[in-house]
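As a plain string of letters, each chain reads:
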Amino acid sequence: MTAEARDTAWLRLMPAVFVLIWSTGFIVARYGMPYAPPLKFLAVRYAFSVLCFGLWIAVARVAWPQRREQWLHLVVTGILMQAGYLGGVWAAVKAGMGSGLVALLVGIQPVLTAVWLSLNGGAITKRQWAGLLLGFAGLVLVVSRKLGQGGEVTALSMSLAILALLSITVGTLYQKRFVAPCDVRSASAVQLAAALVVTLPFALMESDAIVWNAAVMGSLAWSVLALSLGGSSLLYMLIQRGTATAVTSLLYLVPPCTAVMAWLLFDEPITLTTLAGIGMTAVGVSLVVRGDGAPA
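Keep in mind that what you see is a predicted model, and the values were worked out from it rather than measured. (Residues numbered from 1 in each chain as written. Predicted model: local features only at pLDDT ≥ 70, side-chain atom pairs only at ≥ 80, totals over all residues. Heavy atoms only, no water.)

In this section: helix 6 (residues 126–143). In an α-helix there are 3.6 residues to a turn, and that puts residues three or four apart on one side. The terminal C-alpha atoms of helix 6 lie 26 Å apart, and with 18 residues this matches the ideal 26 Å at 1.5 Å per residue to within 8%. All buried positions along helix 6 are accounted for by Gln-128, Gly-131, Leu-132, Gly-135, Gly-138, Leu-139, Val-142 and Val-143. Mapping the buried residues of helix 6 onto a view down its axis gives an arc of 130 degrees, with all of them on the same face. Away from the buried face of helix 6 by more than 90 degrees, exposed residues Lys-126 and Leu-133 are located. (Helix = DSSP H or I, 4+ residues; strand = E, 2+ residues; numbered from the N terminus. Expected span 1.5 Å × (residues − 1). Buried < 20%, exposed > 50% of the residue type's maximum accessible area, 1.4 Å probe, protein only. Arc of directions from axis to C-beta.)

Under the defined criterion, the tally for this structure stands at six aromatic pairs. Centre to centre, the rings of Phe-53 and Trp-56 are 6.1 Å apart; their planes meet at 10 degrees, and the pair counts as stacked. Highlighted residues: Phe-53 and Trp-56, both in helix 2 (residues 38–60), separated by three residues, approximately one helical turn. Residue classification places Phe-53 among the buried positions, given a relative accessible area of 0%. Taking the relative accessible area as the measure of exposure, Trp-56 reaches 40% and is therefore partly exposed. Plain terms: the ring middles of Tyr-174 and Phe-178 are 4.7 Å apart, the flat faces sit at 40 degrees to each other, and that makes the pair tilted. In this pair, Tyr-174 and Phe-178 are both assigned in helix 7 (residues 155–178), four residues apart and thus about one turn of the helix distant. Of the aromatic side chains, those joined through ring pairs into one cluster are Phe-18, Trp-22 and Tyr-85. Here Arg-177 stacks its cationic end above the ring of Phe-178, 4.9 Å away from the centre of that ring. (Phe/Tyr/Trp six-rings, centres within 6.5 Å; stacked < 30°, edge-to-face > 60°. Lys NZ or Arg CZ within 6 Å of the ring centre and 35° of its normal.)

Where helix 3 (residues 68–94) contacts helix 8 (residues 184–204), the axes come no closer than 7 Å and their chain directions differ by 60 degrees. Overall, the two elements helix 3 and helix 8 adopt an arrangement that is oblique. By crossing handedness, the relation of helix 3 to helix 8 is classed as right-handed. Taken together, the residues of helix 8 that come into contact with helix 3 (itself represented by Trp-71, Leu-74, Val-75, Thr-77, Gly-78, Ile-79, Gln-82 and Ala-83) are Ala-187, Val-190, Gln-191, Leu-192, Ala-194, Ala-195, Val-198 and Thr-199. Partitioned by chemical class, the residues of the contact of helix 3 with helix 8 number eleven nonpolar, five polar and no charged. (Axes fitted to C-alpha atoms, helices over the stretch in contact; angles between N-to-C directions. Parallel < 35°, antiparallel > 145°, perpendicular 65-115°, else oblique. Left-handed = near helix turned anticlockwise from the far one by under 90°. Contact = heavy atoms within 4.5 Å. Nonpolar A, V, L, I, M, F, W, Y, C, P; charged D, E, K, R; others polar.)

Attention now moves to the nonpolar core. Residues Phe-18, Trp-22, Tyr-85, Val-89, Trp-90 and Leu-235 are the most contacted members of the largest nonpolar core, which totals 71 residues. Of the residues forming this core, the biggest block, ten residues, is contributed by helix 9 (residues 214–241). (Core = buried A, V, L, I, M, F, W, Y, C linked by side-chain atoms within 4.5 Å.)

For the rest of this paragraph, the subject is unusual backbone geometry. In this structure, Arg-61 is a non-glycine residue whose phi angle is positive, near 55 degrees. Take Arg-61: it is sitting in the loop between helix 2 and helix 3.

Moving on, we come to the packing of helix 2 against helix 8. Following both chains from N to C, one finds helix 2 and helix 8 inclined at 155 degrees, their axes separated by 8 Å at the closest point. With respect to their mutual orientation, helix 2 and helix 8 come out roughly antiparallel. Where helix 2 crosses over helix 8, the handedness of that crossing is left-handed. Listed contacts from helix 8 to Leu-39, Lys-40, Ala-43, Tyr-46, Ala-47, Ser-49, Val-50, Phe-53, Trp-56, Ile-57 and Ala-60 of helix 2 are Arg-185, Ser-186, Ser-188, Ala-189, Leu-192, Ala-193, Ala-195, Leu-196, Thr-199, Leu-200, Phe-202 and Ala-203. Residues that form the contact of helix 2 with helix 8 fall into these classes: 17 nonpolar, four polar and two charged.

Here we take up helix 11 (residues 254–266). In this model helix 11 runs 17 Å from its N-terminal to its C-terminal C-alpha over 13 residues, within 8% of the 18 Å that 1.5 Å per residue would give. Residues Val-254, Pro-255, Pro-256, Cys-257, Thr-258, Ala-259, Met-261, Ala-262 and Phe-266 constitute the buried set of helix 11. Positive phi shows up at Asp-267, right after helix 11, with a value of about 60 degrees.

Laid out in C-alpha cells, this is it:
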C-alpha cells in the first residue's frame, strides 16, 4: 500500500475510531466517579495529559504555535471544549442528573450548530436537516430508558448540563473559525493546559478526596492515553478537516455506541427501542455527512 493510500484509509477510519474512543467516556465515568470527585479527577487527567503530550513533543521535536493569536485561540477552545464541556457533564452527573438525560441534552449540539450556521449564511441542505432531526430522534430512543434514572433534576444540575452543551457547541464553531492548522500534539497540549488552569481552583474547592484504587487508576490511565491523547486529538483533526455540521453529527453516535459497550461490559439490556434508535441515528448521521461532501 502506498503512503497516499494509507493516508486515505486513515482519513476514512478517523470518524469511526473517534466515535469508539469518545464513547468510552461514560464507561470510564462509571468506573471512576464513585471514588473520585469529578473536578479533581479531571484536573489530574489534564495534568497527566499535558505531561504526556509534553514528552511526546520533546521526543518528536514538534513545533509549537508561532503566533500569539494562535495561542490565544487554542486557550479559548481548550477552556470551552475541555474544561467547560467535560466539567459540566461530570459535575451534572455528580449533582444527581442521570447520564441518559445529560447525553440527551448534550446531544442537541449538532442541531444548535446547524441553526447557528444557517443564521450566519451557512449552507445546510434539506437532506442534512432531515439527517439532524432523524439522528436526534434516534438519540432520544437510545437514552429513553435512562431518562428517569439518576435522581431529580435541580437548577444546579440543569445549569451544569447546559454549560456543557454551550461549551462544546461554541468551542467547535470557534475552533473551526479561528484556529489555524497546526500540529495536533502541541495544539492539544495548549488546550489541556488551559483546561487545567481553569479547572484546578474549582477542584480544590471539592471537599472529598480521591480514593486511589484499581478502578480509579485504570479509569485515569484510559482517560489520559485514550480519551485525551487519542479522542481529543482526533476531534481536533476532524474539525480542521471537515465542516462543523458533519463533525458534530458524529456525536449522535456516541450514546448508541456507549449503550452497546454497557451491554457488553455491564450486561445492561438492549431493547428493540434501543436498536431502533441506533439504526435511526446511524441513518441520520449518514445523511448529514454525505450531504455536504465533507472528509468526515
